[in-house]
Amino acid sequence: TLQESQWEAFASNIGTWEGSLARYGRDGQYLERSATVLYVYVDGEEDAKRIADGEAPDRLCLVLRRCESGKDAEQLYIRGTDLLSRGMAFGPAGDMCSGSVYLTRGTPLYVEQNLNYRGPGNEVQGRSRLIVIYDDELRLKSFSLFREQPRGERAKSAF
C-alpha cells in the first residue's frame, strides 16, 4: 500500500545525521548557525530485530539536538500513522517533502524539503534540508538550512 511504502521510505533515514543549522530572517539576513545532530532510531528490541531482518520497524523516534544550546526537539512516529495526512511525503530513496496540510489564515505554515546526495553504490553521503516558515498572516517569517551527513555506520535494511 502507499501508506506502507511511505513508512518504509521514512525508515530508510534511520541513523545519526551530523551537521549544522543556519537560520535566516525574512529579508535573507543571516541570524545564527549552530551544530546539530539528528538521531532517527528505533526504540526497543523488537524493532531492532525487524531492522536486522530487513523489515521496517513499528516505531521511529527522532531527536534533533542543537549542540551549543543543548535544546532538543523530539518526535515519535508509529507504524500505521498516515504520514501523508500529517504533511509528510517520501520518495523511494528516503527524500522527504513536508509541511502543513491545511493552509488557513491565523495559523503558521511551514514547508520542509529534504534532498539526499548519493555517491558510489547509491549510498547517501549527505543531505540538505530547507525549512521555510510563514507567520500566521502567511508572510515569510524565516527559513533554515540544515546540511547533514551520516555519522558512523547507518542501519542497513533490505527494503
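What follows is about the overall build of the protein. A tally of helices and strands in the protein yields two helices and nine strands. In the protein, the order of α-helices and β-strands from amino to carboxyl end is α-β-β-α-β-β-β-β-β-β-β. Every one of the 159 residues in the protein was classed for burial, and the buried ones make up 37%. Long-range pairs, those at least 24 residues apart, make up 46% of the contacts in the protein between residues at least 6 apart in sequence. Carbon and sulfur atoms provide 51% of the accessible area of the protein, an area that totals close to 9200 Å².

All right, on to the pattern of salt bridges then. Applying the stated criterion to the full structure yields ten salt bridges. Here R129 ties to E112 by a salt bridge, and the two come within 2.9 Å at their closest N and O atoms. Of the two residues, R129 is situated in strand β8 (residues 124-134) and E112 in strand β7 (residues 109-118); the sequence distance between them amounts to 17 residues. Grouping residues by exposure puts R129 and E112 together as buried.

Pairing between strand β1 (residues 15-25) and strand β9 (residues 140-151): ten bridges, direction antiparallel. For G25, the partnering residue across the bridge sits in β9 and is S142. Two successive antiparallel strands, β8 and β9, enclose a turn made up of five residues, where L138 displays a positive phi of approximately 65°.

Moving on to unusual backbone geometry. Most peptide bonds are trans, and most residues other than glycine sit at a negative phi. Positive phi outside glycine occurs at L138, with the angle close to 65°. By the secondary structure assignment, L138 is in the loop between β8 and β9. Judged by relative accessible area, which is 30%, L138 ranks as partly exposed.

Our next topic: the environment of F10. Note that F10 resides in helix α1 (residues 2-11). Distance in space between the C-alpha atoms of F10 and L60 is 8.8 Å, their sequence separation being 50 residues. Excluding residues that lie within four positions of it along the chain, F10 makes contacts with L60, L62, Y77, L83, M88 and F90.

Before going further, it helps to examine helix α2 (residues 45-52). All of the buried residues along α2 are D47, R50 and I51. When α2 is viewed along its axis, its buried side chains cluster within an angular range of 100° and face the same direction. For α2, the exposed residues lying more than 90 degrees away from the buried face are E45, E46, K49 and A52. The secondary structure elements touched by the buried residues of α2 are β3 (59-66). Positioned one or two residues after α2, G54 has a phi angle of 80°, which is positive.

This part covers the side chain of S144. Following the sequence through the fold, S144 ends up in strand β9. S144 has contacts with L21, A22, R23, R129, L130 and I131, leaving out every residue within four places of it along the chain.

Per the stated rule, a full pass over the model turns up four aromatic pairs. Pairing W7 with F10 gives two aromatic rings, centres 5.7 Å apart and planes at 85°, and the pair type is edge-to-face. Here W7 and its partner F10 are both found in helix α1, three residues apart, which amounts to about one turn of the helix. This pair shows no difference in class: W7 is buried, exactly as F10 is. Here a set of aromatic residues connected by ring pairs shows up, and it is made of W7, F10 and F90. The ring of W17 carries the charged tip of R127 above its face, separated from the ring centre by 3.8 Å. One cation-aromatic arrangement involves R129 over F146; the distance from NZ or CZ to the ring centre is 4.1 Å.

Rules and cut-offs
Residues numbered from 1 in each chain as written. Predicted model: local features only at pLDDT ≥ 70, side-chain atom pairs only at ≥ 80, totals over all residues. Heavy atoms only, no water. Helix = DSSP H or I, 4+ residues; strand = E, 2+ residues; numbered from the N terminus. Buried < 20%, exposed > 50% of the residue type's maximum accessible area, 1.4 Å probe, protein only. Contact = heavy atoms within 4.5 Å. Areas by Shrake-Rupley, 256 points an atom, 1.4 Å probe, with all protein chains shown as cover. Salt bridge = Lys/Arg side-chain N within 4 Å of Asp/Glu carboxyl O. Pairing = 2+ DSSP bridges. Arc of directions from axis to C-beta. Phe/Tyr/Trp six-rings, centres within 6.5 Å; stacked < 30°, edge-to-face > 60°. Lys NZ or Arg CZ within 6 Å of the ring centre and 35° of its normal.

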